Protein chains: 2
Amino acid sequence: MQAPRGRPRSFDVDAAIERAMNVFWSRGYHATALPDLLRATKLSRGSLYAAFGDKHSLFLRALDRYIADALTRMDDELDPRRDPVDGLRAYLAGYVERACGANGRRGCLLVATAMELAGQDAEVGRRFASFFKTMETRVADAFSRAETAGRLADGVEPSSAARILICFLWGLRVVAKTAPARTTSQATADALLARFIK
Amino acid sequence: MQAPRGRPRSFDVDAAIERAMNVFWSRGYHATALPDLLRATKLSRGSLYAAFGDKHSLFLRALDRYIADALTRMDDELDPRRDPVDGLRAYLAGYVERACGANGRRGCLLVATAMELAGQDAEVGRRFASFFKTMETRVADAFSRAETAGRLADGVEPSSAARILICFLWGLRVVAKTAPARTTSQATADALLARFIK
DNA sequence: CGATATATGGACCGATCGGTCTTGAAAGGA
DNA sequence: TCCTTTCAAGACCGATCGGTCCATATATCG
């Protein structure tokens, strides 16, 4: 792998994707126009199209970035080497943090994209389904470990509890659009977990 | 109130709103173009603008219709004269029905609109917040009645249970985009309710 | 120094956007 | 019959859409 011959790329591709991600995140796919992306990435039209192909491809890159960030957080919080209950608590706390006040108002790129495009756009649908499945197995694993540690309340089945928790978390992201108080969301999340953990 | 002088209106306004609602429901606000609405309502451009003003106004009428339908269902299922636990079960069953297979894929106009517009469009934000509040008080009422009937599990607080259930239900509408099996969604909903009811 | 490759900025493209307006037919009341 | 109103069909509007292209400057190579 030797250096290419001409002038080297002078902008940071990852940074551009992140800036684009923030625009899509705030406005949604259809409502984001090219000038918005150019302003945010500080790229010229030519450079953006040369680097990313078209709006849809750039969007997928941005979505993948968002998903990767979410997976990283999840793998950290639900790390098998951590105490599973602590992990679940940390996982919930992250969602609460993102689901109140201004953070909440901003919404969730994944939920917004799922509602806006998942039905019509196969690439998006595939990504959403895949992330959902990963999330389900990770949370179910955590509940399983909690069960073997004897921390689950009577009659709680790990995979069922995981499905419930996941629906709850997606729902938090929807409710977040009303910018609820942090204490309310936190108390609600705590109350739910308390029905599963002893 | 005497009859107007000219040719009477020859199309059904409510039916047109309903058809428009279905288009917005399937495609979202921004992705719905005028020709889509004209085809669905079978109206000419002139008639549509004369009757509804503009796209945004028509959208709000459609959204209001969607909300009214949801409120009607809710008032029926959570009717105070019904057994509260039966009511909650029926309420959940309705969501399960709408959150699986093709019904699920179609999504929820309210959730989609909240994610797409609630942050930027005050009219939409107001409607969403209002519906959310109504939903919360109605479900909390049902849990309260269940409590006085001695049907709540130990340590369950009605208003907290209501907030949990509502997040769960919004989340169901998101997860529904992966078109899950009906039995799965039903079992999950049953399992959640089982944590609250004895 | 050339050759090569990437950058910018903006002109330019056809298509489509939401919205207005005109025309002429049709359907009611006076 | 005449007046009024509504209808459908579609021409038309300026603005904006996503996307291409070009001229020019610049940076790094052999």
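Note that this is a predicted model, so its numbers are computed, not measured.

A.B. asks: What is the right way to read the overall build of chain A from this model?
C.D. replies: Scanning chain A from N- to C-terminus turns up 10 helices and 0 strands. In sequence order, chain A lays out its α and β elements as α-α-α-α-α-α-α-α-α-α. Once the C-alpha set of chain A is aligned to its principal axes, its extents read approximately 65 × 45 × 30 Å. Residues counted as buried form 39% of the 198 residues belonging to chain A. Taking as baseline every contact in chain A between residues at least 6 positions apart, the subset at least 24 positions apart corresponds to 69%.

A.B. asks: Where do I start with helix α7 (residues 109-117) of chain A in this structure?
C.D. replies: One full turn of an α-helix is made of 3.6 residues, so residues set three or four places apart face in the same direction. Of all 9 residues in α7(A), 9 are buried, a share of seventy percent or more. Its buried side turned inward, α7(A) meets α1 (13-27), α4 (55-77), α8 (122-148) and α9 (158-175) of chain A together with α7 (109-117) and α9 (158-175) of chain B.

A.B. asks: Explanation requested: the relation of the copies chain B and chain A in the structure shown.
C.D. replies: One chain copy maps onto the other through a rotation about an axis and a shift parallel to that axis. Under the fitted operation, chain B is carried onto chain A by 0.0 Å of movement along the axis and a turn of 180°, and the coordinates agree to an RMSD of 0.1 Å. Seen this way, the second copy is the image of the first under a two-fold rotation axis. When you check the interface residues of chain B against chain A, 100% turn up at the interface there too, and the contact is symmetric in its surfaces.

A.B. asks: Could you clarify how one ought to interpret unusual backbone geometry in this entry?
C.D. replies: Across residues other than glycine, the phi torsion is negative in most instances, and most of the peptide bonds are trans. Residue and element names in this part refer to chain A. For A179, which is not a glycine, the phi torsion comes out positive at approximately 50°. Looking at where A179 falls in the secondary structure, it is placed in the loop between α9 and α10 (182-194). Residue A179 is classed as partly exposed on the basis of its 18 C-beta neighbours within 10 Å.

The rules behind these values
Residues numbered from 1 in each chain as written. Chains lettered and ligands numbered in written order. Predicted model: local features only at pLDDT ≥ 70, side-chain atom pairs only at ≥ 80, totals over all residues. Helix = DSSP H or I, 4+ residues; strand = E, 2+ residues; numbered from the N terminus. Buried ≥ 20, exposed ≤ 12 C-beta atoms within 10 Å, placed from the backbone. Contact = placed C-beta atoms within 7 Å. Least-squares fit on C-alpha atoms with pLDDT ≥ 70 in both.

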